[in-house]
Amino acid sequence: MRAPDSILPLRAERLGFSAGGVAILSDVSLTLAAGAPSIIIGPNGAGKSVLLRLLHGLLAPSAGRILWAGDAGRRQAMVFQRPVLLRRSVLANAVYPLRLAGVAAAEREPRARAALEMVGLAALAERPARRLSGGEQQRLALARAAALSPEVLFLDEPCASLDPTATRAVEDIVGTLAARGTKIVMTTHDLGQARRLAGEVLFLDRGRLQEQTPAATFFNTPATSGAAAFLRGELVW
Ligand SMILES: Nc1ncnc2c1ncn2[C@@H]1O[C@H](COP(=O)(O)OP(=O)(O)OP(=O)(O)O)[C@@H](O)[C@H]1O
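Analysis parameters
Residues numbered from 1 in each chain as written. Predicted model: local features only at pLDDT ≥ 70, side-chain atom pairs only at ≥ 80, totals over all residues. Helix = DSSP H or I, 4+ residues; strand = E, 2+ residues; numbered from the N terminus. Expected span 1.5 Å × (residues − 1). Contact = placed C-beta atoms within 7 Å. Near = placed C-beta within 6 Å. Nonpolar A, V, L, I, M, F, W, Y, C, P; charged D, E, K, R; others polar. Pairing = 2+ DSSP bridges. Axes fitted to C-alpha atoms, helices over the stretch in contact; angles between N-to-C directions. Core = buried A, V, L, I, M, F, W, Y, C linked by C-beta atoms within 7 Å. Buried ≥ 20, exposed ≤ 12 C-beta atoms within 10 Å, placed from the backbone. Right-handed = clockwise from strand over helix to strand, strands pointing away. pLDDT = per-residue confidence, 0-100.

**Student:** Can you tell me about helix H5 (residues 164-179), naming the residues and giving the values?
**Tutor:** With 16 residues, H5 should reach 22 Å at 1.5 Å per residue; the first-to-last C-alpha distance of 22 Å fits that figure. Buried-residue contacts for H5 involve helix H4 (134-146), strand S6 (152-156), strand S7 (183-187) and helix H6 (191-197). Following H5 by one or two positions, Gly181 has its phi on the positive side, about 105 degrees.

Structure (structure tokens):
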């Protein structure tokens, strides 16, 4: 089923990515539909970030193709492990992408402030963004993306360098966005986090998609021996 005017589902057909003659992703086919978060997990170097960058359009596939159901344009966004913030205030960082997106001037600040409120940074709006803690910076990056109301939000290891409290704050924001109807597609190293957030799990191993399975099924009865070994902690991260 597809809502009218939706950019979902997103389909990848036999996606491949090679660099310097080395295959990094091979033959990845998947469909991402609206609904609960899709969480991509797998050992170190499996190709999780590369897959996310391909889907977002930051990398061009060496093989296969990516098909959105509508004009994805600015309706999909990505937040990276280490956000790059402007050397300006928190508020200015949240306003800037709205200006780039052509949002009417009068609407920018209210939308940016609402997004800051959502991530718990409203009180820090006038602070220099680069003075924020790592967790606050990541929350600002999420606010900046959320202000654009994307239908799909790609998150690449958003909690990689955060402590448990900051991690939970980011997870709460991800949960809020998902509940509002934003499709979250996220990579993580943290199996606990995957259990907490995932509607479905995509398990990637050595550049191949081994499973795309509803989360409860994946964690209880993974279909592949590789995923079972990974869940037992037997695959190198
Ligand atoms: N643009 C690129 N050019 C060449 N090699 C790359 C490029 N991007 C990633 N790689 C290599 O591709 C492999 C997969 O990288 P990727 O970052 O997607 O893995 P990952 O699953 O996200 O790993 P990790 O869990 O360590 O973050 C790695 O061996 C990496 O060095």
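**Student:** So what's going on with the site of the ligand? Residues and values would help.
**Tutor:** Around the ligand sit Ala19, Ile24, Gly42, Asn44, Gly45, Ala46, Gly47, Lys48, Ser49, Val50 and His189, and those are all the residues in its vicinity. Here the element with the most residues in the shell around the ligand is helix H1 (residues 48-56); it accounts for 3 residues. By residue class, the composition of the shell around the ligand is 4 nonpolar, 6 polar and 1 charged.

**Student:** How would you summarise the sheet that holds strand S4 (residues 63-68) if you had to cite specific residues and measurements?
**Tutor:** Strand order in the open sheet formed by 3 strands is S2-S1-S4, with antiparallel pairing between adjacent strands. Strands at the two margins of the open sheet, each flanked by one partner only, are strand S2 (22-32) and S4. Each neighbouring strand pair of the sheet contributes to a mean axis angle of 20 degrees, computed without reference to strand direction. The pairing of strand S1 (residues 10-19) with S2 spans 7 bridges and is classified as antiparallel. Its bridge partner being in S2, Ser18 is matched across the sheet by Ala23. Of the strands in this sheet, S1, S2 and S4 are in contact with H1, which crosses S1 at around 120 degrees.

**Student:** Now, about the nonpolar core: what can you tell me, with residues and values included?
**Tutor:** Counting 63 residues, the largest nonpolar core has Leu51, Ala94, Leu116, Leu142, Ala143 and Leu153 as the members making the most contacts within it. With 6 residues, H4 is the single largest residue contributor to this core. Setting aside chain neighbours within four positions, we find Leu142 in contact with Val79, Val119, Val170 and Ile173.

**Student:** Let's hear about the pairing of S7: which residues, and what values?
**Tutor:** When you tally the buried positions in S7, you get 5 out of 5 residues, the bulk of the element. Residues Lys183, Val185 and Thr187 of S7 are buried on one face, and the alternating residues Ile184 and Met186, pointing to the opposite face, are buried as well. Note that strand S3 (residues 38-41) and S7 share 3 bridges and pair parallel. When the sheet's bridge partners are listed, Ile39 is paired in S7 with Met186. Sheet topology places S6 next to S7; 5 bridges connect them, and they run parallel. Note that in S7 the partner of Phe154 across the bridge is Val185. Following the chain from S6 across H5 to the adjacent parallel S7, one finds a crossover that is right-handed.

**Student:** I'd like a rundown of the confidence of the model for the chain, residues and numbers included.
**Tutor:** The share of residues in the chain with pLDDT of 70 or more is 97%, and the mean pLDDT across the chain is 95. Taken together, the chains of this predicted complex give a pTM of 0.95 and an interface ipTM of 0.93.

**Student:** Quick one: what's the story with unusual backbone geometry, residue by residue and with numbers?
**Tutor:** The omega torsion of the bond from Leu8 to Pro9 falls at 0 degrees, within 30 degrees of zero and hence cis. Locating Pro9 in the fold gives a position in the segment before S1. Of note, Ser149 is a non-glycine position whose phi angle comes to about 50 degrees, a positive value. Of note, Ser149 is situated in the loop between H4 and S6. In this structure Ser149 comes out as partly exposed when scored by C-beta crowding, with 18 C-beta atoms within 10 Å. Although it is not a glycine, Arg206 adopts a positive phi angle of roughly 45 degrees. Take Arg206: it is sitting in the loop between strand S8 (200-205) and strand S9 (208-214). Its 16 C-beta neighbours within 10 Å are what place Arg206 among the partly exposed residues.

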